[in-house]
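Here's the letter readout for the chains.
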Amino acid sequence: MSLEQSDPQVFDLIRKEAQRQESTLELIASENHVSTAVREAAGSVLTNKYAEGYPGARYYQGCGYYDQVEQLAIDRAKQLFGCKHANVQPHSGANANLAAMMALMQPGDSFISINLASGGHLSHGMKLNASAIFYRPGHYELDPKTETIDFDSVRAKAKELRPKVILCGYSAYSRIIDFARFRAIADEVDAKMMADVAHIAGLIVGGAHPSAFPHAHVVTTTTHKTLRGPRGGLIMTNDDDLAKSINRSVFPGSQGGPLMHIIAAKAVAFGEDLRPEFKTYAAQVVKNAKTLADSLTAKGYRIVSGGTDNHLMLVDLRPISMDLTGVEVAVTLEKAGIITNFNGVPNDPRPPRQTSGIRLGTPALTTRGLKENDIKLVADFIDRAIRSKSDDATLSKIRNEVAEMCKKFPMPH
Ligand code: DSN
């Protein structure tokens, strides 16, 4: 029986959500629109099976096709990133990071990263996260003038704490990450280097950002952001011993049965990422982000660090009005059909539920086919909406214009 017949309530909610996605502009930097092929694999009969273990060594019978699917995902991930080992089983980026840390550290060991408020991620040592409960995080800083990684601070923290792991890779950082410099510091203090490239993975494999390999000992990523796959995680390494520890840390260390339908969808997405057109996509994501940053700067907004080299930017709203909070701007933009998230800016005086900024990214818009001239119109919509935040009639007018624009850029099929 179809979903529509068997559960009209859920069917209707999914239908409405599809309409919402189709008629709005998605600027959340960590989101994307997957292909029909990826969705088909994610919604397939592969959800029915337990396949605990790894290809060729399962704890359940009937896994023949699952072995082949998982091996395809592994081989494609290795080819994409140019590395020796890949574990495609992590259910999410946070799970991938936890398993990587379990492989690299013993409980109580220390690591250094950037904190959440400066663009890091909760799984990089936020006090309520397992990464801070079981390990001891220390934090390096951004340079307050350039708002880019302060490598003096990385080195100083590394020498002070002698951590087991130096972690780089961020959720709200718009500049190129110099992986070689992180590795040099890791070598100085005999630490391992871990790169969480969740945000920029698609740019790396598309040739629009330098690779974390060969510098990083371990690379983690999600598969649903710029890689444009299903929601999930991935861990990679070139080190044979670490690969064994990583496999143990994922299963049985921190997960049970893998989500084989999602692993199939990862294989499909990695296949898509290997095609030459994905390079064009990655380059266009960056061009679009630069255009958006330049357009907003010309309208009086401040882009943290002065611009972007990747797919995202943090917009400091204070030059427009000191009273403007990130949360009210995000809510205002949603009324106009523009979907973003509020985000702290470096040294934000406001709490994380208010903030002085929003984070914008271009991966999803680029998937829909928007190019630089379209992005300039998006910047106009954003600016007009923010300046009309108390004027519901104008916001509704912009909402209609956004919906009209969206019709020109249908979802991928
Ligand atoms: N929550 C994700 C983001 O929005 O950046 C990171 O995992």
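Residues numbered from 1 in each chain as written. Predicted model: local features only at pLDDT ≥ 70, side-chain atom pairs only at ≥ 80, totals over all residues. Heavy atoms only, no water.

Turning our attention to the environment of Glu40. Considering the arrangement of structural elements, one finds Glu40 in helix α3 (residues 36-42). Classification of Glu40 by relative accessible area gives exposed; the value is 59%. Sequence spacing of Glu40 and Asn347 is 307 residues, and the spatial spacing of their C-alpha atoms is 43 Å. (Helix = DSSP H or I, 4+ residues; strand = E, 2+ residues; numbered from the N terminus. Buried < 20%, exposed > 50% of the residue type's maximum accessible area, 1.4 Å probe, protein only.)

What follows concerns the packing of aromatic side chains. Under the counting rule described, the total for this entry stands at seven aromatic pairs. Both rings, one in Phe278 and one in Tyr281, keep their centres 5.2 Å apart while their planes meet at 45 degrees; by these two values the pair is tilted. Here the residue Phe278 and the residue Tyr281 both occupy positions in helix α12 (residues 276-298), the gap between them amounting to three residues, near one helical turn. Each member of the pair Phe278 and Tyr281 is classed as buried. Here a set of aromatic residues connected by ring pairs shows up, and it is made of Tyr54, Tyr59 and Phe251. Above the plane of the ring of Tyr281 lies Arg228, whose end atom (NZ or CZ) is 4.2 Å from the centre. (Phe/Tyr/Trp six-rings, centres within 6.5 Å; stacked < 30°, edge-to-face > 60°. Lys NZ or Arg CZ within 6 Å of the ring centre and 35° of its normal.)

This part is about the side chain of Arg368. Take Arg368: it is sitting in helix α14 (residues 363-368). Classification of Arg368 as buried rests on a relative accessible area of 5%. One polar contact links the side chain of Arg368 to the main-chain carbonyl oxygen of Thr24, over a distance of 3.1 Å. (Polar contact = N/O pair within 3.5 Å; in protein donor to acceptor, adjacent residues only side chain to side chain.)

Attention now moves to a nonpolar patch on the surface. A cluster of nonpolar side chains, contributed by Leu116, Leu122, Met126 and Leu128, occupies part of the molecular surface with about 360 Å² of accessible area. When you line up the elements, Leu122 lands in the loop between β5 (110-114) and α6 (130-133). (Patch = residues over 30% accessible without salt bridge, like charges linked within 9 Å, V, L, I, M, F, W, Y side chains within 5 Å. Areas by Shrake-Rupley, 256 points an atom, 1.4 Å probe, with all protein chains shown as cover. Salt bridge = Lys/Arg side-chain N within 4 Å of Asp/Glu carboxyl O.)

The next thing to look at is the pairing of strand β8 (residues 192-196). Taken across its five residues, β8 has four buried, putting it largely inside the fold. Relative to β8, strand β7 (residues 165-168) runs parallel, the two sharing four bridges. Among the inter-strand pairings, Cys168 is bridged to a residue of β8, identified as Ala195. As judged from the three bridges shared by β8 and strand β9 (residues 218-222), these two strands associate in the parallel manner. Residue pairing across strands places Met194 opposite Val218, the latter belonging to β9. (Pairing = 2+ DSSP bridges.)

Let's shift gears to the site of the ligand. The full set of residues close to the ligand is Ser30, His121, Ser171, His199, Lys225 and Arg359. A distance of 2.6 Å is found between an oxygen atom of the ligand and a side-chain nitrogen or oxygen belonging to His199. Bound to the protein, the ligand loses 65% of the 230 Å² it would expose on its own. Per-class residue counts for the shell around the ligand are no nonpolar, four polar and two charged. (Near = heavy atom within 4 Å. Nonpolar A, V, L, I, M, F, W, Y, C, P; charged D, E, K, R; others polar.)

In this section: helix α10 (residues 240-254). The end-to-end C-alpha distance of α10, which contains 15 residues, comes to 20 Å, matching closely the 21 Å that a straight helix rising 1.5 Å per residue would cover. Taken together, the buried positions of α10 are occupied by Leu242, Ala243, Ser245, Ile246, Ser249, Val250 and Phe251. Structurally, α10 contributes buried residues whose contacts are with β2 (53-54), β4 (85-87), α5 (93-104), β8, β9 and β10 (233-237). Regarding α10, its N-cap is Asp239, as a side-chain oxygen of that residue lies 2.9 Å from the backbone nitrogen of Asp241 further along. (Expected span 1.5 Å × (residues − 1). Contact = heavy atoms within 4.5 Å.)

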